[in-house]
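Examining the three-dimensional arrangement
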Amino acid sequence: MLNETTSINVTLTKNSHINEVDWSNIPFGRIFSDHMLVMDYANGEWKQPEIIPFGNLSLNPATSAIHYGQSVFEGMKANKSENGDVVIFRPELNAKRFKESCERLCMPGIPEDVFVELVKKLVDVERDWVSTKEDYSLYIRPFMFATDDYIGVKPSETYKFVIFTCPVGTYYSEPVSVKIEEYYTRAAAGGVGMAKAAGNYGAALFPAKQGQLKGFHQLVWTDAKEHKYIEESGTMNIMFVINGTLVTPSEEGDTILKGTTKRTVIEVAQSWGMKVEERKVSVEEVVNGIKDGSITEAFGAGTAATIAHIVRLGYRDEILDLPSVESRTFSNKVKKYLDDLKAGKIEDTHGWCVKV
Ligand SMILES: *Cc1c(COP(=O)(O)O)cnc(C)c1O
């Protein structure tokens with residue numbers, strides 16, 4: 001049975017390509033480190049996890065995940081401080097969310113402590129891939145998919161869990177412009193919006209492309225029923241500073257992804273004595289708030305970018321500009337705080353950085 005003492009077979013590569021990487025120019029998600037962790041599920045249980053050289057997987061064309069979408073993933077980061085310590089930021093939240101995603105897709109869960117141990121073990125093997133350079137980190141991608149060679153529609157009986165890692169620099173170098181989407185939807189009540197399910201992202205590509213053709217980087221998703229309330233921005237949670245209060249759409253219901261970054265920003269704001277509201281946020285409130293100046297900051301929050309400032313918002317035929325990035329006291333301060341925390345420059349009073 002799988003538990004936190006489960007041993008992991010490690011086979012190290014004989015051909016590390018770490019010296020071939022151009023560290024001054026790392027595109028997001030295209031460079032992979034030397035190893036990956038693989039673990040199979042069959043006959044009602046997880047088999048022994050293995051760390052092996054990074055490489056292709058071989059799949060039967062009938063592999064059920066490809067046809068019917070039983071596939072979920074996670075995303076988190078490891079950072080290295082100047083003294084060489086490698087830390088992962090709040091992985092227990094990813095472990096919990098991964099379990100919830102699996103449950104929603106009828107997939108077997110992985111005990112949360114085991115999930116964290118497996119991530120730590122792989123990052124430990126790849127610690128040379130975690131750069132100390134400012135704004136650099138090691139992106140960690142755990143995922144699971146159904147592997148039955150069967151094209152009947154039913155939950156698969158076999159699965160593969162894989163973790164691989166990518167060295168990354170900053171994700172969005174530029175502040176973003178977004179468009180309020182009032183036709184297409186990302187998630188409906190009763191659907192899978194709260195899961196990091198692969199299909200959610202495939203379904204969002206076409207609407208996102210329409211927005212990009214109109215000159216916007218991302219869409220702001222609204223509720224599927226009335227298109228009256230704001231939910232998320234692209235693949236990030238969305239947050240506002242309105243009259244000095246941090247405001248973000250509430251996670252109640254099952255349409256909003258429970259982001260680690262958003263949760264962290266909320267907790268930091270509270271520890272600084274700032275008022276925080278998790279509630280319904282209407283499109284009307286945001287449009288009027290930008291016009292009358294009560295909204296002083298708007299940003300996306302997610303692991304890849306941490307904070308992505310929103311500087312322009314398209315609503316129907318209107319284009320609304322937000323205050324300059326330099327004027328944004330809270331989001332700049334919180335971004336610096338989180339960067340410094342992960343880089344080990346300030347004390348981790350919350351106990352969020354898990355040492356590898
Ligand atoms: C991953 C993700 C987020 C951000 O979650 P983090 O844990 O902060 O990275 C927000 N929204 C969606 C739709 C996501 O997929």
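Everything in this summary refers to the structure shown in the same document. Given the structure is predicted, the values throughout are model-derived calculations rather than measurements.

**With respect to a nonpolar patch on the surface**
- Side chains of Leu57, Leu59 and Ile66 sit close together on the surface and give an oily, nonpolar patch of about 260 Å² of accessible area.
- Inspection of the secondary structure assignment puts Ile66 in helix H1 (residues 64–68).
- Using a relative accessible area of 54% as the deciding quantity, one classes Ile66 as exposed.

**Re the pattern of salt bridges**
- All told, the structure shown has 23 salt bridges when counted by the stated rule.
- Connected via shared salt-bridge partners are Glu251, Lys262, Arg263 and Glu278.

**Re the pairing of strand E4 (residues 50–53)**
- Relative to E4, strand E1 (residues 9–10) is paired through two bridges, and the arrangement is parallel. Residue pairing in the sheet places Val10 in a bridge with Ile51 of E4.
- Alignment of strand E2 (residues 35–42) against E4, held across four bridges, turns out to be antiparallel. Residue pairing across strands places Val38 opposite Glu50, the latter belonging to E4.

**Re the side chain of Glu297**
- Relative to the helices and strands, Glu297 is located in strand E16 (residues 295–302).
- Comment: no salt bridge for buried Glu297; closest opposite-charge side chain is Arg328, at 5.9 Å.
- In this structure the side chain of Glu297 is engaged in a polar contact, spanning 2.9 Å, whose partner is the backbone nitrogen of Phe330.
- Of note is the side chain of Glu297, whose polar atom sits 2.6 Å from the side chain of Ser331.
- The residues touching Glu297, leaving out its near neighbours within four places in the chain, are Met239, Phe240, Val241, Arg328, Thr329, Phe330 and Ser331.

**Observations concerning the site of the ligand**
- Taken together, the neighbourhood of the ligand is formed by 14 residues, with Lys196, Tyr201, Glu232, Thr261 and Thr303 sitting nearest.
- A distance of 2.8 Å is found between an oxygen atom of the ligand and a side-chain nitrogen or oxygen belonging to Arg97.
- Contact distances for the ligand include 2.4 Å between an oxygen atom and a side-chain N or O atom of Tyr201.
- In isolation the ligand has 380 Å² of accessible area, and contact with the protein removes 95% of it.
- Those elements that place two or more of their residues in the shell around the ligand are strand E13 (236–242) and helix H5 (260–271).

**What about the packing of aromatic side chains?**
- Tallied over the full model, the rule gives 20 aromatic pairs.
- Centre to centre, the rings of Trp272 and Phe330 are 6.1 Å apart; their planes meet at 80°, and the pair counts as edge-to-face. Note that Trp272 is positioned in the loop between H5 and strand E15 (276–279) and Phe330 in helix H7 (residues 329–342), a separation of 58 residues in sequence.
- Residue classification places Trp272 among the partly exposed positions, given a relative accessible area of 31%.
- Its relative accessible area of 8% is what places Phe330 among the buried residues.
- Ring pairs connect the aromatic residues Tyr41, Trp46, Phe98, Phe115, Tyr159 and Phe161, which therefore count as one cluster.
- The lysine or arginine in question, Lys342, covers the ring of Phe89, its NZ or CZ lying 4.8 Å from the ring centre.

Criteria and cut-off values
- Residues numbered from 1 in each chain as written.
- Predicted model: local features only at pLDDT ≥ 70, side-chain atom pairs only at ≥ 80, totals over all residues.
- Heavy atoms only, no water.
- Patch = residues over 30% accessible without salt bridge, like charges linked within 9 Å, V, L, I, M, F, W, Y side chains within 5 Å.
- Areas by Shrake-Rupley, 256 points an atom, 1.4 Å probe, with all protein chains shown as cover.
- Salt bridge = Lys/Arg side-chain N within 4 Å of Asp/Glu carboxyl O.
- Helix = DSSP H or I, 4+ residues; strand = E, 2+ residues; numbered from the N terminus.
- Buried < 20%, exposed > 50% of the residue type's maximum accessible area, 1.4 Å probe, protein only.
- Pairing = 2+ DSSP bridges.
- Lys, Arg positive; Asp, Glu negative; His and termini not counted.
- Polar contact = N/O pair within 3.5 Å; in protein donor to acceptor, adjacent residues only side chain to side chain.
- Contact = heavy atoms within 4.5 Å.
- Near = heavy atom within 4 Å.
- Phe/Tyr/Trp six-rings, centres within 6.5 Å; stacked < 30°, edge-to-face > 60°.
- Lys NZ or Arg CZ within 6 Å of the ring centre and 35° of its normal.

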